[in-house]
Amino acid sequence: MSTLMERVVEAQVEKIEATLEEILAGSLDSSVGLASDTNFVTDLGLESIQVLEFVMEVEEHFDIAIDMESLSDVHTIGELAKVVAGLIRG
Amino acid sequence: MKDKVDLLDKFEKIASNRDQLTAVGRDPTSIVIERIISPTEAIIDGKQTILVGTNNYLGLTFDPECVAAGQAALAEAGTGTTGSRMANGSYQPHLALERELADFYGVAHAMVFSTGYAANLGTLAALANNGDVVVLDADAHASLYDGCRMSGASVYRFRHNDMGSLEKRLQRLADKAGRTLIVVEGLYSVLGDRAPLREIAALKSEFGAHLLVDEAHSLGVYGAHGRGVCEELGVMDEVDFVVGTFSKSLGATGGFCASRHDVLPLFRYASRPYIFTASGNPSVIATTRAALRQLAKRPDLRQKLRHNAERLYRGLEGMGLRLGADVSPVIAVRFEHSADAARTWERLLEAGIYTNLFVPPATPDGSSLLRCSVSAAHSDEQIDTILERFSEIIEPMRSQAVRG
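Keep in mind that this is a model prediction, so the values were computed, not measured.

**Things to note about the environment of H94(B)**
Residues and elements named next belong to chain B.
Then, in step 1: You can see H94 is positioned in helix α4 (residues 92-105).
Then, in step 2: Among the residues examined, H94 registers a relative accessible area of 2% and is labelled buried.
Then, in step 3: Sequence-wise, H94 and R289 are 195 residues apart; in three dimensions their C-alpha atoms are separated by 9.5 Å.
Then, in step 4: Excluding residues that lie within four positions of it along the chain, H94 makes contacts with T81, R85, V112, S279, G280 and I285.

Shown next, in the form of structure tokens:
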């Protein structure tokens, strides 16, 4: 059973995922279905440079700074949402 | 369960990418200079070719004084140093070059590295460590990215030349401002645009951060004394570290870092790319010193370079081609489709004009382009020939595109 704190974090991550999907949909040509496990490279065919451009939009939106090291293990919307959630919580 | 992936499997993907590149035409990575004739001419595919993609900004590679200095050093000091400066000792000319570079920049210290790549790696690795912050222009050269990675610092990118983007990151990281290093280039090597260094220096001072400027493509090109964009824009005193290379305007190999800070000599103990590599060959150090003297005493080379850059830029602009925003010795001719860029590049080569082809992901904004780098050694006639060939190749492609 998850604790209250874990559920709060999960809800926050889900909300961030929805925002990320919105930002990403705005810059994609096709109307690919986006989900938590959508992979930027294998599902969306983005070049690394396009991923980094997207990340900068995310930084502006949430007014945060994401360092490149935290991005090294990020491949999906869900993984990026977790990084964003961590930074928002400070 | 045993992993089925083999160490060598990754090369299948690389081979497939290379095959895609070569399937549509000539492989741009396989150019052979069969014979180099001068700073601006070579034999390629058995044909005399005008070189307009060499970074040889001042055209000093065949300068008689530089060649003589290299020959003398080769005869006097041999072919190589066979070791590193830390373990095997510096030759006197390494130290002399460091003194001359420091004097050239009007700062207390300079340090010489064996390549420009090593200079960026070695400077960043020594300067920034775990817990420090680097704020890097997104279009920065790979060597700066690699140096950041090696440093262990937290690295944040800001949008290319976007002061709002830089300021926001400095604000968000304000509690670490004192241990923050801003990293930019003077002249960006793909699109040929310059950094707004006055604004960057003002932000650096406002937040109390430090500033490193890579003048690889701007040394000898900008400023009253040829020190670079920092000098041109009057911000030398606000720049903490200048890095650069000997391999472009100075026509040799090697790199350097120059700084007013007294900590720079201590980098020698903290910079692995400095410590664990052989020092520059005596002949290379000698030609670099001679080229630096030429750069300092011949402002006419910079004037000629500007004249040539202006002539080529205006000519290309007149054909309605889409170029980078600034007139500089790096002129990017931009294309919407990578196939058009590749076809133009190949036809130019067949017509005896050598440019550099850039396609994604090597370009900063995902576009495709031909990079022309102008030299002071180009004659007006050569520039005009380059323009004529461009016109002959571009026009039929354009009318074909219109006809659809």
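From this point on, the discussion continues.
**Topic: the confidence of the model for chain A**
Then, in step 1: Of all residues in chain A, 94% attain a pLDDT of 70 or more, and the chain-wide mean is 87.
Then, in step 2: Mean pLDDT in chain A bottoms out at helix α2 (residues 48-62) of chain A, which sits at 88, and peaks at helix α3 (residues 77-89) of chain A, which reaches 92.

**Here's the deal with the pairing of strand β3 (residues 47-51) of chain B**
Residue and element names in this part refer to chain B.
Then, in step 1: Relative to β3, strand β2 (residues 41-44) runs antiparallel, the two sharing four bridges. Bridging from a neighbouring strand, E41 pairs with I50 of β3.
Then, in step 2: Here β3 pairs with strand β13 (residues 353-354) via two bridges, running parallel. The residue of β13 that forms the bridge with L51 is Y354.

**Side note on the sheet that holds strand β9 (residues 241-245) of chain B**
Residue and element names in this part refer to chain B.
Then, in step 1: If you walk across this open sheet you meet the seven strands as β4-β10-β9-β8-β7-β5-β6, and the pairing is mixed. Of all strands in the sheet, those with a lone pairing partner are β4 (109-113) and β6 (154-158), marking the two edges. For this sheet, the mean angle separating the axes of adjacent strands, direction not counted, is 20°.
Then, in step 2: Taken together, the four bridges between strand β5 (residues 133-137) and strand β7 (residues 180-185) define a ladder with parallel strand orientation. Across the sheet, residue V135 finds its bridge partner in β7, namely I182.
Then, in step 3: Docked against the sheet, helix α7 (residues 163-172) engages β5, β6 and β7, running at close to 150° with respect to β6.
Then, in step 4: Helix-sheet contacts for helix α8 (residues 197-207) involve β7 and β8 (210-214), and the interaxial angle to β8 is about 155°.

Thresholds, definitions, all that
- Residues numbered from 1 in each chain as written.
- Chains lettered and ligands numbered in written order.
- Predicted model: local features only at pLDDT ≥ 70, side-chain atom pairs only at ≥ 80, totals over all residues.
- Heavy atoms only, no water.
- Helix = DSSP H or I, 4+ residues; strand = E, 2+ residues; numbered from the N terminus.
- Buried < 20%, exposed > 50% of the residue type's maximum accessible area, 1.4 Å probe, protein only.
- Contact = heavy atoms within 4.5 Å.
- pLDDT = per-residue confidence, 0-100.
- Pairing = 2+ DSSP bridges.
- Axes fitted to C-alpha atoms, helices over the stretch in contact; angles between N-to-C directions.

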